[in-house]
Amino acid sequence: MRKYKIFIDGEFVESSSGEYFEVVNPATDEVISLVPQCTEEDVARAVESCRRAQKEWKRIPASKRAEYLKKIATKLVENAEKLGAIVTEEQGKPLPQAINEVKRAAERIEYHAEWARRIEGEIVPSDNENENIFIYKEPLGVVACIIPWNSPVSILARKIAPALITGNGVIIKPSSETPNSALEFVRIIQEVGLPNGIVNVVCGRGSEIGKAICTNPGVNMVTFTGSVETGVRIMEQCAQNITKISLELGGKAPAIVMEDADIDLAAKCIVGSKVTNAGQVCNCVERVYVHEKVADEFLARVLELMKKVTVGDGLADPTVTMGPLINHKAVEFVDELVKKAIKQGAELVLGGKKPEHLKRGCFYEPTVLVNCKQNMDVMRKEIFGPVLPIMTFTTSEEALELANDSEYGLTASLYTNDLNVAFKVANSIETGELYINRQQGEAINGYHAGWKKSGIGGDDGRHGMEEFLQTRVVYLKYR
Ligand code: NAP
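The rules behind the values
- Residues numbered from 1 in each chain as written.
- Predicted model: local features only at pLDDT ≥ 70, side-chain atom pairs only at ≥ 80, totals over all residues.
- Heavy atoms only, no water.
- 1 Å grid on protein atoms, 1.4 Å probe; cavity = no way out; pocket = protein on both sides within 12 Å on 5 of 7 lines; lining within 4 Å.
- Points joined across faces, edges and corners; volume = space filled by probe spheres on them.
- Helix = DSSP H or I, 4+ residues; strand = E, 2+ residues; numbered from the N terminus.
- Nonpolar A, V, L, I, M, F, W, Y, C, P; charged D, E, K, R; others polar.
- Buried < 20%, exposed > 50% of the residue type's maximum accessible area, 1.4 Å probe, protein only.
- Pairing = 2+ DSSP bridges.
- Right-handed = clockwise from strand over helix to strand, strands pointing away.
- Near = heavy atom within 4 Å.
- Polar contact = N/O pair within 3.5 Å; in protein donor to acceptor, adjacent residues only side chain to side chain.
- Areas by Shrake-Rupley, 256 points an atom, 1.4 Å probe, with all protein chains shown as cover.
- Sits in = over half its atoms within 2 Å of the grid points.

Chemist: Mind laying out empty space enclosed by the protein, listing which residues take part and the relevant values?
Modeler: Within the structure shown, the criterion is met by 1 cavity of 30 Å³ or more. When its volume is computed, the largest cavity comes out at roughly 50 Å³. If you trace the largest cavity, you find it lined by Asn-79, Lys-82, Leu-83, Ile-86, Glu-184 and Ile-188. At the level of elements, helix H3 (80-91) and helix H6 (179-190) are the ones that each hand at least two residues to the lining of the largest cavity. Looking at the lining of the largest cavity element by element, the count peaks at 3 residues for H3. In terms of residue class, the lining of the largest cavity is made up of 3 nonpolar, 1 polar and 2 charged.

Encoded structure:
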């Protein structure tokens, strides 16, 4: 079994607690590694080293910082298979999806390197004579990046690349479910010779060290991806020092299938979104509204595709297209939602249980529920599993109202060939992202940000990168 160390000030070191927690392979239930449980003292050490290193890092021209990022991206591609296998082992997604995640992370890093020469301030015309107004765009300092388990490498890259290119230093806190990939990631990037202290990794249960990270006065920003519940706690913790936050939280993405839609396309995209990473994706379809006139045709197509999904251990079996959920608690949560929906009147047409041929691991069958109602938990709570609840509607106004009737507002999708409907929904949907006639999946140069309880701030593209900058102004009066 592997035993890891944390990464502080350019070195792999023991935690001050001397304690470890276990990381489990969700496909086999086997313990795969021991990872140090950090303390407040370890967090303070990481922050201190990062503050020291960042003072130098911000002085390096951005184009030189970009050289480091480009080298990191190259190293990641070279190590994609190795790191991908680590992701599959601790997180469960099939190996090709995990390798793709690593390559995507490399793309994200390369993309941010391209921004180096475009992080610009402004000169604003003054209302006073002989005066210049300079707007500066500067790094914030130390950025804590708190990462979930569902896409551990991709989200890590999504946070650290914009932080580093804009001249910040980072403290990474991976999920306790998936710390191995973060520690292997820094082992790889250590080879590019980044200055010591500019990237650090501390591990341990968020409930135990999260507060130490968020309330450390040396941390200038916390960028977080995870659940709404933890987002609330992070806001509370960051309030202590008025620390800047960026929160990418949960979702309950609606998919609307109109009467005129390309049904084949809609079914393919919706099923694809639902079974990728076993439905553990913040923007995957979480509830479907299908026009009553095409509901039967749509359901038949969905069932055909769902039945083709092969569930199993994505590391041991290359034919597997869907892996396990992250842990047994997640399986119980999903199963309870399904059982409750059936009790409330939904009809189970596929799945609804653990696969019989898999004796170990956290697996759940691809599941389809019809006759769902808006007030059922399965239509309101984030499922984060391979369950597709379907409900019918009659008019586009009704569909839009149902889609917006949620405390979440991350993403939505719409299938129609009617431009009038497309614009009506595009202009009125209450989500940060809308996908029309295509499967969910954000672009690295887009902007991924939630409305309502789905978050504050956002990631990706120019707008996401600017989150990592402090804007300040200098007034210069001359004679
Ligand atoms: P989570 O339970 O909220 O955990 C996320 C991270 O927060 C983990 O590293 C966790 O550490 C840490 N944490 C827990 N308590 C903390 C505290 N008090 N202070 C600071 N950090 C703390 O979320 P998850 O289960 O890993 O991820 C699934 C959720 O993420 C879903 O809701 C999903 O929708 C959301 N998500 C959103 C996006 C987006 O872009 N909007 C993308 C992906 C996922 P431990 O693991 O040690 O508890």
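Okay, back to it.
Chemist: I'd like a description of the pairing of strand E14 (residues 285-291), backed by residues and values.
Modeler: Among the 7 residues in E14, 7 count as buried, and that is most of the element. Looking at chain direction, strand E13 (residues 253-257) and E14 are connected through 5 bridges and run parallel. Considered in E14, the bridge of Val-257 is made with Val-290. Each parallel crossover has a hand, and for E13 linked through helix H9 (residues 263-275) to E14 it is right-handed. With 4 bridges joining them, E14 and strand E17 (residues 387-393) adopt parallel strand pairing. Within the sheet, the bridge partner assigned to Val-290 lies in E17 and is Thr-392.

Chemist: Outline the site of the ligand, listing residues and values.
Modeler: Around the ligand sit 31 residues in total, of which Ser-176, Ser-227, Thr-230, Leu-249 and Glu-382 are the nearest. At a separation of 3.2 Å, a nitrogen atom of the ligand approaches a polar side-chain atom of Gln-237. Here an oxygen atom of the ligand sits 2.7 Å away from a polar atom, N or O, in the side chain of His-448. A total of 910 Å² of accessible area belongs to the ligand in isolation, and the protein chains cover 89% of it. The cavity that encloses the ligand is the largest pocket. At the level of secondary structure, the elements contributing two or more residues to the shell around the ligand comprise helix H7 (206-214), strand E11 (221-225) and helix H8 (228-239). Among the elements that make up the shell around the ligand, the one with the highest residue count is H8 (4 residues). Residues belonging to the shell around the ligand are distributed by class as follows: 12 nonpolar, 14 polar and 5 charged.

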